[in-house]
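Reading the structure
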Amino acid sequence: MSTPADRIITALRTGHEELAALVRDLKEDDLLRPSGASEWQVSQVLSHLGSGAEITLASLDAARTGAPGPDGDFNKGVWARWDAMAPAEHAAGFLAANQRLVEAYEALDAETRATLRIDLGFLPEPVDLATAARFRLSEFALHQWDVEVAFNPFAAVTPEATALLLDQIGGMLAWTSRPQELAGREATLLLRLSEPERTYGLRLGETVALVDAPEQPDGELSAPAEAWLRLATGRLGPQHTPDGVRVTGPVALDDLRRVFAGF
């Protein structure tokens, strides 16, 4: 029976293969295109994913061997090296670094997958493999979209990643949202998602949070689940909004785009 860690590792492999197939064929001009990430070209997204793969692998290796995890100086050195690369090097470097990371995850046996604890450096305590790998999947899946949408305006977050990330997104809203954009307005929306189906409450006020589905909502946001992930991370501009997104009640979709402007 597969575990959460197994499913996340499988999704990381699927995402890598899909993105690698695109990246291998990119030319210099392609790498300089604007991506879905604000102010980043495609090559800069690949640089971010490649450097992140290096740092993530260093944390994984440290956990496996009992060595100290990478510190701030290590991370800065990795970022500086990647920042100095040319666009073509970003692409080649991403392909190699992310392949190494995915292979390292895949090589872990069942006992290690169940018992390993990883110090990510930005949390108060080490976390289990599923939690650590889910952080990587969140970063990877959204930046995969950033690259793909530069070449396909109808790109979507992969179904495998979407299903695994839905229950994580609520924990991010308190520090990624901008409730001040509502100018004091408050509302609780019924959040009705499809593919896969989920139902939540979206509370908008001094803070923004996912809550239990309200019995008497002030309005409703219905959307494909992957579109909700993109909205919550600042990636649902009008040109990339599927037909299935609907908002009723006291706030409009443009209000939500401002609240979730990205980070």
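What this report covers is the structure whose coordinates are included nearby. Treat the numbers as computed from the prediction; the structure is a model and nothing was measured. (Residues numbered from 1 in each chain as written. Predicted model: local features only at pLDDT ≥ 70, side-chain atom pairs only at ≥ 80, totals over all residues. Heavy atoms only, no water.)

In this model helix α4 (residues 72–83) runs 16 Å from its N-terminal to its C-terminal C-alpha over 12 residues, within 8% of the 16 Å that 1.5 Å per residue would give. Tucked into the core, α4 has its buried residues touching α3 (42–65) and α5 (87–106). N-capping of α4 is provided by D71, with a side-chain oxygen placed 3.2 Å from the backbone N of D73. (Helix = DSSP H or I, 4+ residues; strand = E, 2+ residues; numbered from the N terminus. Expected span 1.5 Å × (residues − 1). Contact = heavy atoms within 4.5 Å. Polar contact = N/O pair within 3.5 Å; in protein donor to acceptor, adjacent residues only side chain to side chain.)

On to the sheet that holds strand β5 (residues 208–211), then. Strand order in the open sheet formed by five strands is β5-β4-β3-β6-β7, with mixed pairing between adjacent strands. The open sheet terminates on both sides in strands that have one partner only, identified here as β5 and β7 (246–248). When strand polarity is set aside, the average angle formed by the axes of neighbouring strands in this sheet is 20 degrees. Summarising the sheet, strand β3 (residues 187–194) and strand β4 (residues 198–204) pair through seven bridges and their orientation is antiparallel. Each bridged residue has a counterpart across the sheet, and for T188 the counterpart in β4 is R203. With respect to the sheet, helix α10 (residues 225–232) is in contact with β3, β4, β5 and β6 (219–224), its orientation differing from that of β6 by roughly 110 degrees. (Pairing = 2+ DSSP bridges. Axes fitted to C-alpha atoms, helices over the stretch in contact; angles between N-to-C directions.)

In terms of strand pairing, β4 meets β5 through four bridges, oriented antiparallel. Paired with G201 across the strands is V211, a residue of β5. Taken together, β4 and the strand that follows it, β5, pair antiparallel across an intervening segment of three residues.

Each aromatic ring pair is summarised here by two numbers: the centre-to-centre distance and the angle between the ring planes. Within this structure, the stated rule accounts for two aromatic pairs. Relative to F140, the ring of F94 lies with its centre 6.4 Å away and its plane at 20 degrees, an arrangement referred to as stacked. A residue pair is termed long-range when its members are at least 10 positions apart, and F94 in helix α5 and F140 in helix α7 (residues 129–148) qualify at 46 residues. Note on F140: relative accessible area 1%, which makes it buried. Between W228 and F260, the aromatic rings sit 5.8 Å apart at their centres with planes inclined by 90 degrees, giving edge-to-face as the arrangement. Placement of the pair is W228 in helix α10 and F260 in the segment after α11 (253–259), with a sequence separation of 32 residues. For the pair W228 and F260, a shared accessibility class is recorded, and that class is buried. (Phe/Tyr/Trp six-rings, centres within 6.5 Å; stacked < 30°, edge-to-face > 60°. Buried < 20%, exposed > 50% of the residue type's maximum accessible area, 1.4 Å probe, protein only.)

The biggest cluster of nonpolar side chains holds 75 residues, and the ones touching the most others in it are L60, Y105, L202, L221, W228 and F260. Broken down by element, the residue count for this core peaks at 10 residues, all from α7. (Core = buried A, V, L, I, M, F, W, Y, C linked by side-chain atoms within 4.5 Å.)

The next point concerns the environment of R81. The topology assignment puts R81 in helix α4. A C-alpha to C-alpha distance of 11 Å links R81 and G50, two positions 31 residues apart in sequence. For R81, the side chain forms a polar contact with the side chain of E54, separated by 2.8 Å.

This brings us to the packing of helix α1 (residues 4–23) against α5. Two elements in contact, α1 and α5, have axes separated by 10 Å at closest approach and are oriented at 160 degrees. By the angle class used here, α1 and α5 are roughly antiparallel. Note that α1 runs across α5; the crossing there is left-handed. Here I9, L12, R13, H16, E17, L19, A20 and V23 of α1 come into contact with α5, specifically with A91, F94, L95, N98, Q99, V102, E103, Y105 and E106. (Parallel < 35°, antiparallel > 145°, perpendicular 65-115°, else oblique. Left-handed = near helix turned anticlockwise from the far one by under 90°.)

Residue E195 is joined to P196 through a cis peptide bond whose omega torsion reads 0 degrees. For P196, the position within the fold is in the loop between β3 and β4. A positive phi angle, close to 55 degrees, is found at A183, a residue other than glycine. Mapped onto the secondary structure, A183 falls in the loop between α9 (173–176) and β3. Even without being a glycine, E195 presents a positive backbone phi close to 55 degrees.

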